[in-house]
Amino acid sequence: MRNFTLALLLLISGGCTQMPPQKTPETASVGSGQNQPAATATIPIPNRPQDPKMKKFIDDLMGKMTLEEKIGQLNLVSVGFTVTGPVVSENVDENITKGLVGGVFNTFTPIAVRKLQEKAITQSRLKIPLLFGYDVIHGHRTIFPMPIALAASWDMAAIERSARIAADEASADGLNWVFSPMVDIARDPRWGRIAEGAGEDTWLGSQVGKAMVRGYQGNDLAANNTVMACVKHFALYGAAEAGRDYNTTDMSERRMMEEYLPPYKAALDAGAGSVMSSFNDINGVAATGNRWLMTELLRNQWGFDGMVVTDYTAINELIPHGLGKNEYEVAKVALDAGIDMDMVGEVFLKHLGQLVKDKKVTEDQINVACRRILEAKYKLGLFEDPYRYANEQRAKETLLKKEYRDAARDIARRTMVLLKNQNQTLPLKKTASIALVGPLVKSQVDQLGNWNGAGDWKQAISVEQGIRNVAGAGVKITYAKGANIADDTLMLRRLNAHGGNIEVDPRSAEAMIREAVQVARRADVIVAVVGESQGMTGEASSRSDITLPGRQLDLLKALKATGKPLVVVLMNGRPLALKWESDNADAILETWFAGTEGGNAIADVLFGNYNPSGKITATFPQNVGQVPIYYNQKMTGRPYGGQQLDKYKSRYLDVPNDPLYPFGFGLSYTTFSISAPTLSTANLQPGGNMTVSVQVQNTGNYDGEEVVQLYVQDLVGTVSRPVKELKNFKKVFLKKGETQTVTFTLTENDLKFYDINMKYVAEPGDFIVYVGPNSRDVKSAPFTLTSSGAAAGNP
């Protein structure tokens, strides 16, 4: 995340560049508030219910603290190793004993944590315990599928369970704070960090964020098997221009409020204890230096009373953002904005003391930040028992235990999306001969995906091993690598310089393809395992070309020419452009990066031990030129209706507007029919509700699950509205031949949006409700919201 300047965050409205007047919470503008409070200003602690015992304890403790020790609490250091940046903190031992460290990043295991915690407890003056944080993104030791894959399960219980297991393992391994969930809405698959979030939809992303927070924090933050969640990246990071990581973000106030901010708010409402600032600027002001974002919105409007930490060296990076000439200046910018803790950069530690002496900031500002950090430690139970997360015996009993590996396998199966299955090519028969081809067939490293934290790739199950485990002795397997994952020398150097572990076959691409074709001709069916390496997605891994890298497409074309059934198994962390593959493969299974048990889970699906039920949560484009592409775009005055010779419409000359695979799409080995929706009333009253019912039937030959999705379109508004918006879904299991009635409840609140005056309202008028298996293949029914009493409110 990156940060920015000591200026007002201005909205340009009607050609006017002066700051708009202060507004009420439901209409507050992005431009509201100053970024630089007066040096003598008092920063009040928000009025909120507070544990009086905690308040007294922290009051007493802070009464004993020097200014230097208070500033020390604002310092988060890195010890051991770093995966997100080049800086590792120096003089850590000495600073801990002086009380100048509030938390430690990148250290885990009970032994390592106890060593540092003992130093704080036994050698510092006030014996204040340390926080221990880490990037636990999709599992700690037992690695689950990437978050974009977890979202594709549309299974909130499974997502929450993955976070609960991650919390149990992380806390057993010495940690009490995890930098997750990432709730950034992302609509540009070139951005590598799309893999870390729930995809493109605001409503679904909000549900996923809440489930993750519940899983991490449980019902008792002070329990020894829960951890404090950190909602990131605040804010709008997923909208980085050109899909290029760390890049600028610029959007309208309405889009921000309606589409990008709600998942953060939902995760905070679920109780998340901390927030991480983002690297990007927002309309010209970097998030880490943005007082409107961090104080006016987060604190004053949303009422968040937890702690805010920067991303890695984000305060230092306010200098290249142009918010200050040096660390002294940007330290003030970040503190004024409302930042509590400085990750790794040590800018606060070096400069806040002098800033107080120079009357540029007040000690009261530092008190507020210090109190928030101490409150987090109190809520985690660290003052009661600083070693509750450093139990070696518990670690031995918890990490990678069979129950958790079994859960990882089951959850991974639920995330996989069947994109194509022509002529029932899948499931495979356990008596077939299979040509197993592709650069990812044997890979264990890539199963874990990026952001695999403390996961050990040697514990991961490859696709080859999973197929052998599941298929048994009845299947004959032959193997050829067929292609390298990439052929670009610079790309390979970049990946391997940062833990890519990519082994390059020295043979020519032509020789490798010839071998693969020979192997394929001797088999009944070809399973080609292709995609990206784990290092091609994630932070700092943007790609301008989102087709299969290297010579993998050439390999697939050669395999197709054999005439044998071709099953494409994808491993990747983003939507890919797969036009040829979609047109020519007999079956395509999207497996993402499936985690520790990935190979077993993939084999379970390939052989029909599990019927796939996943649905994509980010649109797959036909080519990169369609990007950004997402299902809930706004209506246009010249919509394209499919008439190929109709020139003056919103369309491309060289490709259809339609995506390759729409949001919410995913097939099953069985088939389902969903009836047109039946409404309990055609006129929804303000304050009332309406029931939407559909009949769902399993019309195929397998038991299976279907994700029944409900969308709404507002036909007329004071501002242009999306063509449809997801408002609910239900995932139902049906035995073959079974029929079930699925019902949803719609209320006025489901129809609210920010109107022309930026008030959050439901406007009376005509609507359409759509229900179907994805955002494209839906059936509809009209209804009206009546006009009496449509009132404004907060979202």
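Residues numbered from 1 in each chain as written. Predicted model: local features only at pLDDT ≥ 70, side-chain atom pairs only at ≥ 80, totals over all residues. Heavy atoms only, no water.

## Here we look at the UniProt feature "domain: Fibronectin type III-like" (unreviewed entry) in the chain
Consideration 1: Here the UniProt-annotated "domain: Fibronectin type III-like" (unreviewed entry) positions come out as residues 706-775.
Consideration 2: The distance separating the terminal C-alpha atoms of residues 706-775 is 14 Å; by composition the span is 0% helix and 57% strand. (UniProt positions renumbered as here; feature names shortened; annotations may be inferred. Helix = DSSP H or I, 4+ residues; strand = E, 2+ residues; numbered from the N terminus.)

## Focus: the packing of helix H12 (residues 327-337) against helix H13 (residues 347-357)
Consideration 1: Look at H12 against H13: their axes get within 9 Å of each other, and the N-to-C directions meet at 90°. By the criterion of interaxial angle, the relationship of H12 to H13 is roughly perpendicular. Of the residues in H13, those touching H12 at Glu327, Tyr328, Val330, Ala331, Lys332, Ala334 and Leu335 are Val347, Phe348, Lys350, His351, Leu352, Gln354 and Leu355. (Axes fitted to C-alpha atoms, helices over the stretch in contact; angles between N-to-C directions. Parallel < 35°, antiparallel > 145°, perpendicular 65-115°, else oblique. Contact = heavy atoms within 4.5 Å.)

## A short note on helix H19 (residues 509-521)
Consideration 1: Taking 1.5 Å of rise per residue, the 13 residues of H19 would be expected to cover 18 Å, and the 19 Å separating its terminal C-alpha atoms lies within 8% of that figure.
Consideration 2: Every buried residue belonging to H19 is among Ala509, Ala511, Met512, Ile513, Ala516, Val517, Val519 and Ala520, and all of these are buried. (Expected span 1.5 Å × (residues − 1). Buried < 20%, exposed > 50% of the residue type's maximum accessible area, 1.4 Å probe, protein only.)

## Focus on the sheet that holds strand S11 (residues 417-421)
Consideration 1: Taken together, six strands build an open sheet; the order of strands is S11-S16-S15-S14-S12-S13 and the sheet is mixed. Of all the strands in the sheet, just S11 and strand S13 (476-480) have a single pairing partner and so form its edges. Shown here is a sheet whose adjacent strand axes are inclined to one another by a mean of 20°, direction ignored.
Consideration 2: Bridge count between strand S15 (residues 566-571) and strand S16 (residues 587-590): four bridges; the pairing is parallel. Within S16, the residue paired with Val567 across the bridge is Ala587.
Consideration 3: Along the sheet, H19 contacts strand S12 (433-437), S13 and strand S14 (525-531); its crossing angle with S13, the most-contacted strand, is approximately 165°. (Pairing = 2+ DSSP bridges.)

## A look at the sheet that holds strand S6 (residues 274-277)
Consideration 1: Spatial strand order, S9-S6-S5-S4-S3-S2-S1-S10: eight strands in an open sheet with parallel pairing. Each of the sheet's edge strands pairs with one partner strand only, and the pair in question is strand S9 (307-309) and strand S10 (342-343).
Consideration 2: In the sheet, S6 pairs with S9 via three bridges, with the strands oriented parallel. Bridge assignment links Val275 to a residue of S9, and that residue is Val308.
Consideration 3: Sheet contacts for helix H9 (residues 262-269): strand S5 (228-234) and S6; angle to S5, the most-contacted strand, approximately 165°.

## Section: helix H7 (residues 202-217)
Consideration 1: A rise of 1.5 Å per residue sets the reference length of H7, with its 16 residues, at 22 Å; its end C-alpha atoms lie 22 Å apart and thus fit the reference within 8%.
Consideration 2: Burial analysis of H7 places 13 of its 16 residues in the buried class, the great majority of the element.
Consideration 3: N-cap assignment for H7: the residue whose side-chain oxygen lies 3.1 Å from the backbone N of Trp203 is Asp201.
Consideration 4: Positive backbone phi, at 55°, marks Gly218, one or two positions downstream of H7. (Polar contact = N/O pair within 3.5 Å; in protein donor to acceptor, adjacent residues only side chain to side chain.)

## A few points about the pattern of salt bridges
Consideration 1: Counted under the stated rule, the structure contains 48 salt bridges.
Consideration 2: Here Asp188 makes a salt bridge to Arg190, at a shortest N to O gap of 2.7 Å.
Consideration 3: Residue Asp188 is classed as buried on the basis of its relative accessible area of 9%.
Consideration 4: Through salt bridges that share partners, Asp155, Arg409, Asp410, Arg413, Arg414, Asp604 and Glu705 make up one connected network. (Salt bridge = Lys/Arg side-chain N within 4 Å of Asp/Glu carboxyl O.)

## What to know about the packing of aromatic side chains
Consideration 1: For the structure shown, the criterion picks out 22 aromatic pairs.
Consideration 2: Measuring from centroid to centroid gives 4.9 Å for Trp177 and Phe179, while their planes differ by 70°, and the two rings are edge-to-face.
Consideration 3: Given a relative accessible area of 0%, Trp177 falls into the buried group.
Consideration 4: Taken together, a centroid distance of 5.5 Å and an interplanar angle of 70° make the contact between Tyr631 and Tyr711 edge-to-face. Residue Tyr631 is located in the loop between helix H22 (598-606) and strand S17 (672-674), and its partner Tyr711 is located in strand S21 (residues 704-714); the two are separated by 80 residues in the primary sequence.
Consideration 5: On the basis of relative accessible area, Tyr631 is assigned to the buried category, the value being 8%.
Consideration 6: The class of Tyr711 is buried, set by a relative accessible area of 0%.
Consideration 7: Taken together, Trp154, Trp203, Tyr631, Phe663, Tyr711 and Phe729 form an aromatic cluster joined through their ring pairs.
Consideration 8: Sitting above the plane of the Tyr479 ring, Lys442 keeps its charged end 4.5 Å from the centroid. (Phe/Tyr/Trp six-rings, centres within 6.5 Å; stacked < 30°, edge-to-face > 60°. Lys NZ or Arg CZ within 6 Å of the ring centre and 35° of its normal.)

## Some details on the confidence of the model for the chain
Consideration 1: Chain-level pLDDT for the chain is 92 on average; 92% of the residues reach the 70-or-more range.
Consideration 2: Low pLDDT (under 50) marks residues 1-47, which in the prediction has 141 contacts with non-local residues, meaning those over four places away or in another chain. (pLDDT = per-residue confidence, 0-100.)

## Description of the state of the cysteines
Consideration 1: Under the definition given, this model contains zero disulfides.
Consideration 2: Its sulfur unpaired, Cys230 is 18 Å from the next cysteine sulfur, which belongs to Cys370. (Disulfide = S-S within 2.5 Å.)

## Observations regarding the domain arrangement of the chain
Consideration 1: For the chain, the domain assignment lists domain 1 (406-626) and domain 2 (672-785).
Consideration 2: Relative to domain 2, the C-alpha centre of domain 1 lies at a distance of 35 Å.
Consideration 3: Every contact between the two is made by six residues of domain 1 and, on the other side, nine residues of domain 2.
Consideration 4: Taken together, the two surfaces of domain 1 and domain 2 that pack against each other cover about 590 Å², and 39% of this comes from carbon and sulfur.
Consideration 5: Viewed at the interface, domain 2 and domain 1 are joined by two salt bridges. (Domains from an automatic or database assignment. Buried area = accessible area lost by both parts, 1.4 Å probe.)

## Remarks on the packing of helix H8 (residues 253-260) against H9
Consideration 1: Contact pair H8 / H9: the axes reach a minimum separation of 6 Å and the direction vectors enclose 45°. Regarding the angle of H8 to H9, the classification is oblique. Along the contact surface, H8 presents Met256, Met257, Glu258, Glu259 and Tyr260, while H9 presents Pro262, Pro263 and Tyr264.
Consideration 2: Here the residues of the contact of H8 with H9 sort into six nonpolar, no polar and two charged. (Nonpolar A, V, L, I, M, F, W, Y, C, P; charged D, E, K, R; others polar.)

## Observations concerning the side chain of Gln622
Consideration 1: With respect to the helices and strands, the residue Gln622 is situated in the loop between H22 and S17.
Consideration 2: A polar contact is formed between the side chain of Gln622 and the backbone oxygen of Asp658, at a distance of 2.9 Å.
Consideration 3: Every residue in contact with Gln622, bar those within four places of it in the chain, is listed here: Ala577, Lys579, Val655, Pro656, Asp658, Pro659 and Leu660.

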